Amino acid sequence: PSLLVGSVDPPGDLERDAVVTMGGGLVAAPHRLAESVVRGRLAALYLSSRNAANALEECRKAAAIAHELDNLELLRGILFIQGLADLELDNTKKAEDAAAELTAVNARGMRKDVDIRIYDHLMGRIELEKKNYDQAIRQLKKAVDSLPYGPLETNASYIDSLALAY
């Protein structure tokens with residue numbers, strides 16, 4: 001089975017060198033980087049399928065590799081998914097912990113606009129979960145307003161979160 005057709009190969013296959021899709025093109029990646037990318041995408045897939053527990057497990061594995069490689073970009077995305085999965089499991093405190101770790105990662109990153117946008121999105125979702133609607137709207141509006149080309153279909157999750165707050 002292939003990940004591209006909606007199924008998952010056994011975890012052992014992630015341990016080999018792999019080719020991963022990044023930005024629409026194919027890029028050969030060392031096996032640890034590829035494993036982290038695949039696990040991060042699998043976590044996102046689990047989360048979108050409302051399987052937050054499995055999403056968290058894949059986030060844990062992906063984050064360990066991202067930390068090992070000191071890959072801030074991967075770690076940023078993983079922490080975002082982790083925070084959303086924690087919210088899905090009604091664990092606001094752990095989502096706040098993910099946001100705090102995201103702040104530390106953002107402080108080290110070079111793409112501050114992207115970093116803060118992801119943080120604002122996660123914090124908006126946390127405030128929404130806590131029923132602090134005004135603060136949720138402020139955070140989510142800030143995230144949407146920082147999108148580089150305005151909200152596009154690829155940014156649907158930002159718009160969806162803001163709509164939920166209203």
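Residues numbered from 1 in each chain as written. Predicted model: local features only at pLDDT ≥ 70, side-chain atom pairs only at ≥ 80, totals over all residues. Heavy atoms only, no water.

### Topic: the overall build of the protein
The test is simple: Numbering of helices and strands runs from the N terminus; a helix is a DSSP stretch of H or I covering at least four residues, while a strand is a stretch of E covering at least two. For every residue, the accessible area obtained with a 1.4 Å probe (protein chains only) is divided by the maximum for its type, and the residue is called buried under 20%, exposed over 50%, and partly exposed between those limits. Here a residue-residue contact requires only that any non-hydrogen atoms of the pair lie within 4.5 Å.
Scanning the protein for helices and strands turns up seven helices and two strands. When the helices and strands of the protein are listed from N to C terminus, the series reads β-β-α-α-α-α-α-α-α. Taking all 166 residues of the protein together, 39% fall into the buried category. A sequence separation of at least 24 residues applies to 50% of the contacts in the protein between residues at least 6 apart.

### Structural notes on unusual backbone geometry
Positive phi outside glycine occurs at Asp70, with the angle close to 55 degrees. Judged by relative accessible area, Asp70 falls into the partly exposed class, the value being 44%. Even without being a glycine, Asp90 presents a positive backbone phi close to 60 degrees. Examined against the element boundaries, Asp90 turns out to sit in the loop between α3 (72-88) and α4 (92-108). The exposure class of Asp90 is exposed, given its relative accessible area of 61%.

### Digging into the side chain of Asp86
The condition that has to hold: The charged-residue count follows a simple rule in which Lys and Arg add positive charge and Asp and Glu add negative charge, with His and chain termini not counted at all. Note on definitions: salt bridges are taken to be side-chain nitrogens of Lys or Arg within 4 Å of carboxyl oxygens of Asp or Glu.
When you line up the elements, Asp86 lands in helix α3. In this structure Asp86 is buried but unpaired, with Lys94 as the nearest side chain of opposite charge at 5.7 Å. Not counting the four nearest positions on each side in its chain, Asp86 is found in contact with Leu56, Asn91, Lys94 and Ala95.

### Some words on the nonpolar core
Cut-off, in case you're wondering: Among buried residues, the Ala, Val, Leu, Ile, Met, Phe, Trp, Tyr and Cys ones that are joined through side-chain atoms within 4.5 Å form a nonpolar core.
Leu47, Ile78, Leu122 and Ile126 are the most contacted members of the largest nonpolar core, which totals 37 residues. Broken down by secondary-structure element, the contributors of at least two residues to this core are α1 (31-48), α2 (52-69), α3, α4, α5 (112-129), α6 (133-145) and α7 (156-165). Element by element, the count of residues in this core is highest for α3, at 10 residues. Excluding its chain neighbours within four sequence positions, the residues that come into contact with Leu122 are Leu79, Phe80, Gly83, Leu84, Ala95, Ala98, Ala99 and Leu102.

### Details of the environment of Ala104
You can see Ala104 is positioned in helix α4. Classification of Ala104 as partly exposed rests on a relative accessible area of 45%. Placed 28 residues apart in sequence, Ala104 and Arg76 show a C-alpha to C-alpha distance of 9.9 Å.

### Details of α2
The criterion, for reference: Helix span, expected: 1.5 Å multiplied by one less than the number of residues in the helix. Think of it as the arc spanned by the lines of direction from the helix axis to the C-beta atoms.
For α2, spanning 18 residues, the distance from its first C-alpha to its last is 25 Å, which sits close to the expected 26 Å at 1.5 Å a residue. All of the buried residues in α2 are Ala52, Ala55, Glu58, Cys59, Ala62, Ala63, Ile65 and Ala66. The buried residues of α2 occupy an angular sector of 165 degrees when the element is viewed end-on, so they sit on one face. Its buried side turned inward, α2 meets α1 and α3. Of the residues one or two after α2, Asp70 is the one with positive phi, at around 55 degrees.

### Some thoughts on the confidence of the model for the protein
Low pLDDT marks stretches whose predicted atomic positions should not be read closely. Here is the rule we go by: Every residue carries a pLDDT, the predictor's confidence in it, which falls somewhere between 0 and 100.
With 75% of its residues at a pLDDT of 70 or more, the protein has an overall mean of 79. Note on residues 1-29: pLDDT is under 50 here. Beyond four places in sequence and across chains, it has 35 contacts.

### Overview of the environment of Ala43
When you line up the elements, Ala43 lands in helix α1. The class of Ala43 is buried, set by a relative accessible area of 0%. Taking the C-alpha atoms as reference points, Ala43 and Ala53, 10 residues apart in sequence, are found 9.4 Å from one another. Ignoring sequence-local partners within four residues, the contact set of Ala43 consists of Ala55, Glu58, Cys59 and Ile81.

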